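Examining the three-dimensional arrangement
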Amino acid sequence: MFSFLVDIVVGFFEFVVDVHMFRSQRSKRGSRERSVAEDTLAVAHFDFVTLVLISLVSAGLMLLLAFVFGVPVGWSVAIGLAVGVVWGLWRYSRLLRQQ
């Protein structure tokens, strides 16, 4: 039970740090100033919707490559992870440039 409470506190702290870092990166890029609520909603959407979608597509790609096309498991995992990382970085950079 204690570890569950610690995980909740650490998760909340991590989210607050994510929002703070996002706001500082946007300000260094010269983007317009937005409210904390808008930035919090953008980070929450990225964390809980976009990253889940990317991870599901990457896992599906790994399974498709390994079981349907017969690609070795190591290569299918590497390709799936590479696609997920590139897609996630691209979406995060779009989020930073968003007006």
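In this report, the structure presented in the accompanying data block is examined. (Residues numbered from 1 in each chain as written. Predicted model: local features only at pLDDT ≥ 70, side-chain atom pairs only at ≥ 80, totals over all residues. Heavy atoms only, no water.)

**A look at the packing of helix α1 (residues 2-28) against helix α3 (residues 73-97)**
- In the contact formed by α1 and α3, the axes pass within 9 Å of each other and the chain directions differ by 65°. The interaxial crossing formed by α1 with α3 has right-handed handedness. Side by side, α1 and α3 meet where F22, Q25 and R26 of the first sit next to Y92, L95 and L96 of the second.
- Of the residues in the contact of α1 with α3, the class split is four nonpolar, one polar and one charged. (Axes fitted to C-alpha atoms, helices over the stretch in contact; angles between N-to-C directions. Helix = DSSP H or I, 4+ residues; strand = E, 2+ residues; numbered from the N terminus. Left-handed = near helix turned anticlockwise from the far one by under 90°. Contact = heavy atoms within 4.5 Å. Nonpolar A, V, L, I, M, F, W, Y, C, P; charged D, E, K, R; others polar.)

**Some details on the packing of aromatic side chains**
- Applying the stated criterion across every chain yields a total of two aromatic pairs.
- Ring geometry for F46 against Y92: centres 5.5 Å apart, planes inclined by 55°, an arrangement best described as tilted. Of this pair, F46 sits in helix α2 (residues 36-68) while Y92 is found in helix α3, placing the two residues 46 residues apart along the sequence.
- On the basis of relative accessible area, F46 is assigned to the buried category, the value being 11%. (Phe/Tyr/Trp six-rings, centres within 6.5 Å; stacked < 30°, edge-to-face > 60°. Buried < 20%, exposed > 50% of the residue type's maximum accessible area, 1.4 Å probe, protein only.)

**Looking at a nonpolar patch on the surface**
- A cluster of nonpolar residues, L63, L64, F67, V68 and F69, forms a patch on the protein surface that exposes about 580 Å² of accessible area.
- Along the polypeptide, L64 turns up in helix α2.
- Note on L64: relative accessible area 38%, which makes it partly exposed. (Patch = residues over 30% accessible without salt bridge, like charges linked within 9 Å, V, L, I, M, F, W, Y side chains within 5 Å. Areas by Shrake-Rupley, 256 points an atom, 1.4 Å probe, with all protein chains shown as cover. Salt bridge = Lys/Arg side-chain N within 4 Å of Asp/Glu carboxyl O.)

**Topic: the pattern of salt bridges**
- With the rule as written, the count across this model stands at three salt bridges.
- Between E33 and R23 there is a salt bridge, with its nearest N and O atoms 2.9 Å apart. Here the residue E33 occupies a position in the loop between α1 and α2, and R23 occupies one in helix α1, the gap between them amounting to ten residues.
- Judged by relative accessible area, which is 21%, R23 ranks as partly exposed.
- The partner of R34 in a salt bridge is D39, with the nearest N and O atoms 2.8 Å apart. D39 carries the same exposure label as R34, and that label is buried.

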